[in-house]
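# Examination of the molecular architecture
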Amino acid sequence: MPGTLRKEIQLVVGWASVVLVLMFGSTMMAQEALAVRVGLFVWLFGVIMWGAFTVVRHAEELAHRVGEPYGTLVLTMSVTIIEVSFIVVVMLSSDADSTLARDTIFAVVMITLNGIAGLCILLGGLRHNEQTYNLNGARAFLSVIMPLSVIVLILPNFTTSTSGPTLSTVQAIIFGTLTLLLYGIFLAIQTIRHTSFFTDQPATTSPPQAVADSETVDEPAFVPEVEEQAHGDRTSALYHAVLLLAALLPVVFLTEELAHLVEDGIAAAGLPAAVAGVLVAILVLSPEAMGALRSAVSNQLQRAVNIALGSALATIGLTVPAVLLIGTLSDRHIVFGLPAEEMVLLTLTLVVASLTFNGPRTNILQGAVHLVMFVVYAVLLFNP
């Protein structure tokens, strides 16, 4: 029991932070001294990041027990809830047309498809030369990510029902509904009809002569699964589901205070508004990125692909309908269309991703190409 308490100390810190905010939040947020506001930001960001890592840890434990793709699905859903709550808070507290949803979605797509996927492929290739994954799953992800990305982030620039890169109420309702419907169909494919698309493919059959000469044909092809099963006997799936929820709730609550600090800080520092979207993306994607990198280095590229592409798809599939709903109900215009240079980079990213995940093996060249595009995105963020 003492060991369990030490391991779950983040829950105590998270809920204690919630209590402090409820008791003294208004007083603390009213302080205008730079040192105080920086300290508040560091405290809230650290607690939320720690909480996100705790959420991911319990999601991974669930993955050991329920298997893929359900474990990864729980993971992506959990962090997307954090992301949506942050965006909605900023939207409702801002009087101007909000670009945070657009900037966050674009940042997530760039970080997942270029940063996380590129680094996973590069590090995995350096250690294992070439790596395999389930091509059907990657194609399923991209077949939804590509059209939704273009519809959400590019098409609004060319509509004429409203002035600027926004959507009319009718367009918002239809596009939001279609996005949610398509994501729901994808989830049905991922969890019911074609779950095998998102798991490691069975090892290929050896040539007849090799089979005849081998004395280890009957050995299991994937030893880590045995280790994972043994690990999963210690605690139940319900135990980790409850603790996941207990870690997630304070994170969602504290994002409201952090959102206000980020918005004020970016305005005071004169930074591009898109930096807020990047901060949100970093906050929610850092734990997932660590899990994906560990999987790639361990030669489990399929899980890394599920995390990277699944995060991008969950962000679009869940954030867009939620933001459009809030915007419609509150009569706010949500800016979705990207600037010209970012449209070019998004299009290039989608094309290169379709080429990368068009074969059964990956290598370091593909990873390097994606990382180059990620660096270009970072440069354009601060020097457009």
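Residues numbered from 1 in each chain as written. Predicted model: local features only at pLDDT ≥ 70, side-chain atom pairs only at ≥ 80, totals over all residues. Heavy atoms only, no water.

### Some thoughts on the overall build of the chain
Secondary structure assignment for the chain yields 14 helices and two strands. Counting the 384 residues in the chain, one finds 48% classified as buried. Expressed as a percentage of contacts within the chain between residues at least 6 apart in sequence, the contacts between residues at least 24 apart total 85%. Carbon and sulfur atoms make up 67% of the accessible area of the chain, which totals about 17900 Å². (Helix = DSSP H or I, 4+ residues; strand = E, 2+ residues; numbered from the N terminus. Buried < 20%, exposed > 50% of the residue type's maximum accessible area, 1.4 Å probe, protein only. Contact = heavy atoms within 4.5 Å. Areas by Shrake-Rupley, 256 points an atom, 1.4 Å probe, with all protein chains shown as cover.)

### Describing the confidence of the model for the chain
With 87% of its residues at a pLDDT of 70 or more, the chain shows a mean pLDDT of 81. Confidence scores differ between elements of the chain, with helix α9 (residues 223–232) showing the lowest mean pLDDT of 40 and helix α13 (residues 340–356) the highest of 95. Note on residues 204–233: pLDDT is under 50 here. Beyond four places in sequence and across chains, it has 12 contacts. (pLDDT = per-residue confidence, 0-100.)

### Some thoughts on helix α6 (residues 135–153)
The end-to-end C-alpha separation of α6 is 26 Å, in line with the 27 Å expected for 19 residues at 1.5 Å each. Those residues of α6 not exposed but buried are Leu 135, Gly 137, Ala 138, Ala 140, Phe 141, Leu 142, Val 144, Ile 145, Leu 148, Ser 149, Val 152 and Leu 153. Against the buried residues of α6 lie α5 (100–128), α7 (169–193), α12 (301–329) and α13. The residue sitting at the N-terminus of α6 and contributing the capping side-chain oxygen is Asn 134; that oxygen lies 3.2 Å from the backbone nitrogen of Asn 136. (Expected span 1.5 Å × (residues − 1). Polar contact = N/O pair within 3.5 Å; in protein donor to acceptor, adjacent residues only side chain to side chain.)

### Here we look at helix α2 (residues 9–30)
Here α2 is 22 residues long and its end C-alpha atoms lie 29 Å apart, about the 32 Å a rise of 1.5 Å per residue gives. The largest bend in α2 comes to about 75°, at Phe 24. Listed as buried for α2 are Gln 10, Leu 11, Gly 14, Ser 17, Val 18, Val 21 and Gly 25. Elements that come into contact with the buried residues of α2 comprise α3 (34–66) and α10 (237–269). (Bend = angle between axes of the 7 residues up to and from the residue.)

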